[in-house]
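Analysis of the macromolecular model
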Amino acid sequence: MAEVLPKLGRDIALEVKILKYEMVDNAPDASGLAKGLEALKARVSLAKSGQHVEYLLQVRRDGSTWTLRRRFQQVSLMHESLRRHVASLPELPAKSVVRQFSSDYLESRKNALAAYLNQLAERRDVLNAAAAQDFFGLLEREPSLQMRSRCDPFLAAEVQEVTFGITSFVTDPSRGLLLLGASDCNWVSKLDTKITNIKLPWEPSAPELPSSQMTLWKELAPGSQSYQVQFCCRFGPALSSVALVKGDGACALCGLSDGSVGVQKLSAPGGVSRGATLPLLKHTAAVSALAVDEKERWLFSASKDNAVKVYDLVRQMVQCETHAPTPVTTMLFDEAQRRLFTGLQSGVIIVWDTSILPLKVMCSIPDTTQALSRITGMDYEAGSGTLFSSGKDMLGVWKLKSASSGSWGRSVGSISAQNVCTGVAWAASSRELLVSLATGAIVAFALADGTAGPSYSWQAHEDEITHMQWDDAQRCLITASKDKKLRIWHFFAPGRPEPSPIATAVISTAPSLLPARRGAASQMEGVPVRQTPTVSPPSATPSYSYPASHGPVTVPVAAPVAAPGCQGDDSEDDLTGWDR
């Protein structure tokens, strides 16, 4: 059995007690009407001044003891900060609008706060958060906690998109390729693009501004984690997922909101282009997920119309089509066992057998009609047959079993979450379940002896995390977010040199996209734009305009000839020849 690597974060043990509470009056001296106003403010909890209660805390750690004075307001601020970083928190005693100072009320409030703080002191993920360490005075007494330890994740590299938020990505470490799918995540910007794309009567065609793009990056040198853009395909519909086909006929694929699948060969010349779509593959609703079978050269596409299609990439035709009970939200393919996992909007996971066509349902997890939250992410460990799933407010662990009579899934455990979970990844080497949140944080749950508990959390992005992928061999985690950034995190691994305290991430930035609205063509600075020649407005010598990278080229074009019986001036006064 392989050695289990250490968990993320530090092991911190605390004992917290509330010794007593004291009434504090910091109201300024006043008289007359001002004195009455101060007395009123002393009763309003939102006021910063006036009479209030302070609690005397006793904190014990490793034989050392110290006392702290804290107000309820400080406890509330810590609670709000922790809510963004952890999956769930114990309930904080309610804050009263009007301050009450009766002895019975204050005693009950003291006991409720003591129970709340004791629950926090038992949580490893909470004590590894900077907000809790500052509240309990740990940062002041142990300055080493402010330094990164070897068990903390290290941000090794960052890839920045400059136009749209990243919705999906795929990596090919053997070739150093990184495929990013990005889409406009701002509803104001999406509305502006739709309005701008409306064709006006005096325009020859609609502007067709893109709302998504698929970008291929390549690592400059093996192990450098510095990437450069190879090409960029832009699409009008929104983009939900991407897939990478390797080997002969290698290409990049992306699912679009108009029901089609965008495609671009990896051998295509560099630059910016309008993306093409696969022939004979069209859904009646937006494509929600993609998966590729490299051995059979099949593409699995799922849509919001409940359809799951199998497309032959060599013959370029649909092999079969089946339907799920509800729309598919995410998809995972295990090539070794020929299993296709589809997570549904209803919270059910359907396992399909892809060894024969048409697809055959192996089992549904869970086998119940109870309404559940939609599946947002999945990960599968083929060796043990363990499936991990994340829902809107629930994490599930399942064991898949097969017999001659059929297959089924058995629930091993579940974890409730207060924050919205957007993805899940299983780190087998350290037996940790990594969960991404809509707040941009990542929470690690330690699985040991049949129990699971949150052990560490950190703020990985500034916005919602849309996709993440774990590489257990390299001990690294790749995350993507709506904040237009993809980040590569290194975890502790034997034999890997520890980064220096002043080490920073390697940043790769896409060429900036020039803003373009009606009447202007968009292009990326420093990257040639591939486009068809466009006819310039009529002039004395009509010509075709080419990209600046090709140099000035002028091709004479014959002037249009008016039809017989028609005058050059098409005013309303002269309608001769209108029927011709």
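Residues numbered from 1 in each chain as written. Predicted model: local features only at pLDDT ≥ 70, side-chain atom pairs only at ≥ 80, totals over all residues. Heavy atoms only, no water.

The name given to the protein in an unreviewed UniProt entry is PX domain-containing protein, and the organism recorded there is Effrenium voratum.

Remark on secondary structure: sheet strands pair via backbone hydrogen bonds, oriented parallel or antiparallel. Pairing is mixed in the open sheet, where five strands are placed in the order β5-β6-β7-β8-β12. The open sheet has two free edges, formed respectively by β5 (165-172) and β12 (271-274), since each of these has just one partner strand. Pairs of neighbouring strands in the sheet enclose a mean axial angle of 20°, with direction left out of account. Summarising the sheet, β5 and strand β6 (residues 177-183) pair through seven bridges and their orientation is antiparallel. Bridge assignment links F169 to a residue of β6, and that residue is L180. (Pairing = 2+ DSSP bridges. Helix = DSSP H or I, 4+ residues; strand = E, 2+ residues; numbered from the N terminus. Axes fitted to C-alpha atoms, helices over the stretch in contact; angles between N-to-C directions.)

Mapped onto the present numbering, the UniProt feature "repeat: WD" (unreviewed entry) falls at residues 280-313 and 458-489. Secondary structure across residues 280-313 comprises 0% helix and 56% strand; the distance between its end C-alpha atoms is 11 Å. (UniProt positions renumbered as here; feature names shortened; annotations may be inferred.)

The geometry of helix α2 (residues 72-83) relative to helix α3 (residues 103-121) is characterised by a closest axis approach of 13 Å and an angle of 35° between their N-to-C directions. Judged by the twist between their axes, the crossing of α2 over α3 is left-handed. On α3, the residues touching F72, V75, M78 and H79 of α2 are R109, L113, Y116, L117 and L120. For the contact of α2 with α3, the residue count by class is seven nonpolar, one polar and one charged. (Left-handed = near helix turned anticlockwise from the far one by under 90°. Contact = heavy atoms within 4.5 Å. Nonpolar A, V, L, I, M, F, W, Y, C, P; charged D, E, K, R; others polar.)

Let us now look at the packing of aromatic side chains. Within this structure, the stated rule accounts for eight aromatic pairs. Both rings, one in Y456 and one in W458, keep their centres 5.9 Å apart while their planes meet at 40°; by these two values the pair is tilted. Y456 sits in the buried class, given a relative accessible area of 8%. Members of the aromatic cluster, connected to one another through ring pairs, are Y456, W458, W470, W489 and F491. Over the face of the ring belonging to F135 we find R70, whose NZ or CZ atom lies 5.4 Å from the ring centre. Over the ring of F492 we find R150, and its NZ or CZ is 4.4 Å from the ring centre. (Phe/Tyr/Trp six-rings, centres within 6.5 Å; stacked < 30°, edge-to-face > 60°. Buried < 20%, exposed > 50% of the residue type's maximum accessible area, 1.4 Å probe, protein only. Lys NZ or Arg CZ within 6 Å of the ring centre and 35° of its normal.)

On to α3. Over its 19 residues, α3 runs 27 Å from end to end, which matches the ideal 27 Å to within 8%, given 1.5 Å per residue. What α3 keeps buried is the set Y105, L106, R109, K110, L113, A114, Y116, L117, L120 and A121. For α3, the elements touching its buried residues are β1 (15-25), β2 (51-61), α2, α4 (124-127) and α5 (130-135). (Expected span 1.5 Å × (residues − 1).)

Okay, the pattern of salt bridges next. If the charged atoms of two oppositely charged side chains come close together, the side chains can form a pair. The final tally for this structure, using the stated rule, is 18 salt bridges. In this structure, R61 engages E142 in a salt bridge whose closest nitrogen and oxygen atoms are separated by 2.6 Å. On the criterion of sequence distance, the pair formed by R61 in strand β2 and E142 in the loop between α6 (138-141) and β4 (154-160) is long-range, its members being 81 residues apart. Taking the relative accessible area as the measure of exposure, E142 reaches 21% and is therefore partly exposed. The partner of K482 in a salt bridge is E464, and the shortest N-O contact between them spans 3.2 Å. You can see K482 sitting in the loop between β31 (476-481) and β32 (485-490) and its partner E464 sitting in the loop between β29 (451-459) and β30 (465-471), a full 18 residues away along the chain. Each member of the salt-bridge network shares a partner with another, and the members are K20, E22, E54 and R69. (Salt bridge = Lys/Arg side-chain N within 4 Å of Asp/Glu carboxyl O.)

As a further point, take the pairing of strand β26 (residues 421-427). With seven of seven residues buried, β26 lies mostly within the body of the structure. As defined by bridge partners, β26 adjoins strand β27 (residues 432-437) across six bridges and the pair is classed as antiparallel. Paired with A427 across the bridge in β27 is E432. In textbook terms, the turn of a hairpin is the stretch between consecutive antiparallel strands, and for β26 and β27 this stretch comprises four residues, one of which, R431, has a positive phi near 50°.

This part is about the pairing of strand β8 (residues 227-235). Among the nine residues that make up β8, seven are buried, leaving the element largely enclosed by the rest of the structure. Direction of pairing for strand β7 (residues 212-219) relative to β8: antiparallel, over a ladder of eight bridges. The partner of L216 across the bridge, within β8, is F231. Note that β8 and β12 share four bridges and pair parallel. For R234, the partnering residue across the bridge sits in β12 and is R274.

Inspection of the secondary structure puts S226 in the loop between β7 and β8. Accessibility expressed as a relative area gives 18% for S226, which makes it buried. For S226, the residues in contact, after removing those within four places along its chain, are K218, E219, L220, V506 and S508.

All right, on to the nonpolar core then. Core analysis: the biggest nonpolar cluster contains 34 residues, and L14, L57, M78, L117 and F136 have the highest contact counts within it. Examining the composition of this core, we find that eight residues originate from one element, α3, more than from any other. Not counting residues up to four positions away in its chain, the partners in contact with L117 are V16, I18, L57, M78, F135 and F136. Formed by 18 residues, the second largest nonpolar core is a distinct cluster that contains A291, V308, M331 and L359. (Core = buried A, V, L, I, M, F, W, Y, C linked by side-chain atoms within 4.5 Å.)

All right, on to the side chain of R70 then. Tracing the chain through its elements places R70 in strand β3 (residues 64-71). It is D134 that comes nearest to the buried, bridge-free R70 among opposite-charge side chains, at 6.2 Å. Looking at R70, its side chain comes within polar contact range of the main-chain oxygen of F135, at 2.8 Å. Excluding residues within four positions of it along the chain, R70 makes contact with E54, Y55, L57, D134, F135 and G137. (Lys, Arg positive; Asp, Glu negative; His and termini not counted. Polar contact = N/O pair within 3.5 Å; in protein donor to acceptor, adjacent residues only side chain to side chain.)

Right, let's talk about the sheet that holds strand β18 (residues 328-334) for a bit. The four strands are arranged β18-β19-β20-β21 in an open sheet whose pairing can be described as antiparallel. In the strand order of this sheet, the two ends are held by β18 and β21 (360-365), each with one partner. Averaged over all neighbouring strand pairs, the angle between strand axes comes to 20°, with direction disregarded. Sheet analysis places strand β19 (residues 339-344) next to strand β20 (residues 349-353), joined by five bridges and oriented antiparallel.

Since the α-helix packs 3.6 residues into each turn, any two residues three or four apart lie on the same face. The end-to-end C-alpha distance of α2 is 17 Å, a good match for the 16 Å that 12 residues give at a rise of 1.5 Å each. What α2 keeps buried is the set F72, V75, S76, M78, H79 and L82. End-on, the buried residues of α2 take up no more than an arc of 160°, which puts them together on one face. Next to the buried residues of α2 lie β2, β3, α3, α4 and α5. (Arc of directions from axis to C-beta.)

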